[in-house]
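Residue strings, one per chain:
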Amino acid sequence: VCRRNRAAARAAKKTGGVVVSTTDKTAHVLVERKVKHPKYAKQYKITKKFAVHDEENAANVGDVVTFAPCAPKSKRKRHSLTGFIEQKNQNQKVLNEEGEEVTEAEAVSA
């Protein structure tokens, strides 16, 4: 593989699901890709976790996001969040039988 192709592959936007968003201005995104074995031709999954800079802390666990390489923000952060493909709504209002507002966890346990 020539150097130009490697640089272009690194610069490409990636898409993945947010698995951790507890740290400030950082979301950990899991990217999954399928690779064909060179000898046996079986496809298998390769997963990689990226630390992505999230300036507004907008990403929540379960969101599907796109991100791109940027200048290093810290020791492990080399990517920046560019957009959302699918957002999981964390602030849904759930009503119980009496019409009172409760959290999702309380509604599931009841």
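Residues numbered from 1 in each chain as written. Predicted model: local features only at pLDDT ≥ 70, side-chain atom pairs only at ≥ 80, totals over all residues. Heavy atoms only, no water.

### Some words on the pairing of strand E3 (residues 43–53)
Link 1 in the chain: Pairing between strand E2 (residues 26–36) and E3: eleven bridges, direction antiparallel. The residue bridging threonine 26 from the neighbouring strand is histidine 53, located in E3.
Link 2 in the chain: Here three bridges tie E3 to strand E5 (residues 77–86), and the two strands are oriented parallel to one another. Within E5, the residue paired with histidine 53 across the bridge is serine 80. (Pairing = 2+ DSSP bridges. Helix = DSSP H or I, 4+ residues; strand = E, 2+ residues; numbered from the N terminus.)

### Concerning the environment of valine 35
Link 1 in the chain: Structurally, valine 35 is set in strand E2.
Link 2 in the chain: Along the sequence, valine 35 and lysine 45 sit ten residues apart, while their C-alpha atoms lie 6.3 Å from each other.
Link 3 in the chain: Sequence-distant contacts of valine 35, that is, excluding residues within four places in its chain, are made with Lys42, Gln43, Tyr44 and Ile46. (Contact = heavy atoms within 4.5 Å.)

### Quick look at the sheet that holds strand E1 (residues 14–20)
Link 1 in the chain: With respect to topology, five strands assemble into a closed barrel ordered E1-E2-E3-E5-E4, the strand pairing being mixed. Adjacent strand axes in the sheet meet at a mean angle of 50°, parallel and antiparallel pairs treated alike. (Axes fitted to C-alpha atoms, helices over the stretch in contact; angles between N-to-C directions.)

### Thoughts on the pairing of E1
Walk down a regular strand and you will see the side chains alternate between the two sheet faces.
Link 1 in the chain: One ladder, built from four bridges, connects E1 with strand E4 (residues 64–69); its direction is antiparallel. Among the inter-strand pairings, threonine 15 is bridged to a residue of E4, identified as threonine 66.
Link 2 in the chain: The pairing of E1 with E2 spans three bridges and is antiparallel. Pairing of valine 18 across the sheet is with valine 29, part of E2.
Link 3 in the chain: The hairpin turn running from E1 into E2, its antiparallel successor, is five residues long, and lysine 25 in that turn takes a positive phi close to 60°.

### Quick notes on the environment of isoleucine 46
Link 1 in the chain: Residue position: isoleucine 46 is located in strand E3.
Link 2 in the chain: Taking the C-alpha atoms as reference, isoleucine 46 lies 5.4 Å from arginine 33; in sequence the two are 13 residues apart.
Link 3 in the chain: Once you skip the residues sitting within four places of it in the chain, isoleucine 46 turns out to touch Val31, Glu32, Arg33 and Val35.

### Observations regarding the packing of aromatic side chains
To describe a pair of aromatic rings, one takes the distance between the centres and the angle between the planes.
Link 1 in the chain: Under the definition given, this model contains one aromatic pair.
Link 2 in the chain: Summarising the aromatic geometry, the rings of phenylalanine 50 and phenylalanine 67 are spaced 5.3 Å apart at their centres and angled 55° between planes, so their arrangement reads as tilted. Taken together, the positions of phenylalanine 50 in strand E3 and phenylalanine 67 in strand E4 put the pair 17 residues apart, joining distant regions of the chain. (Phe/Tyr/Trp six-rings, centres within 6.5 Å; stacked < 30°, edge-to-face > 60°.)

### Some details on the confidence of the model for the protein chain
Link 1 in the chain: When pLDDT is averaged across the protein chain, the result is 84; 73% of the residues are at 70 or more.
Link 2 in the chain: By mean pLDDT, helix H2 (residues 104–109) is the weakest element of the protein chain at 53, and E3 is the strongest at 97. (pLDDT = per-residue confidence, 0-100.)

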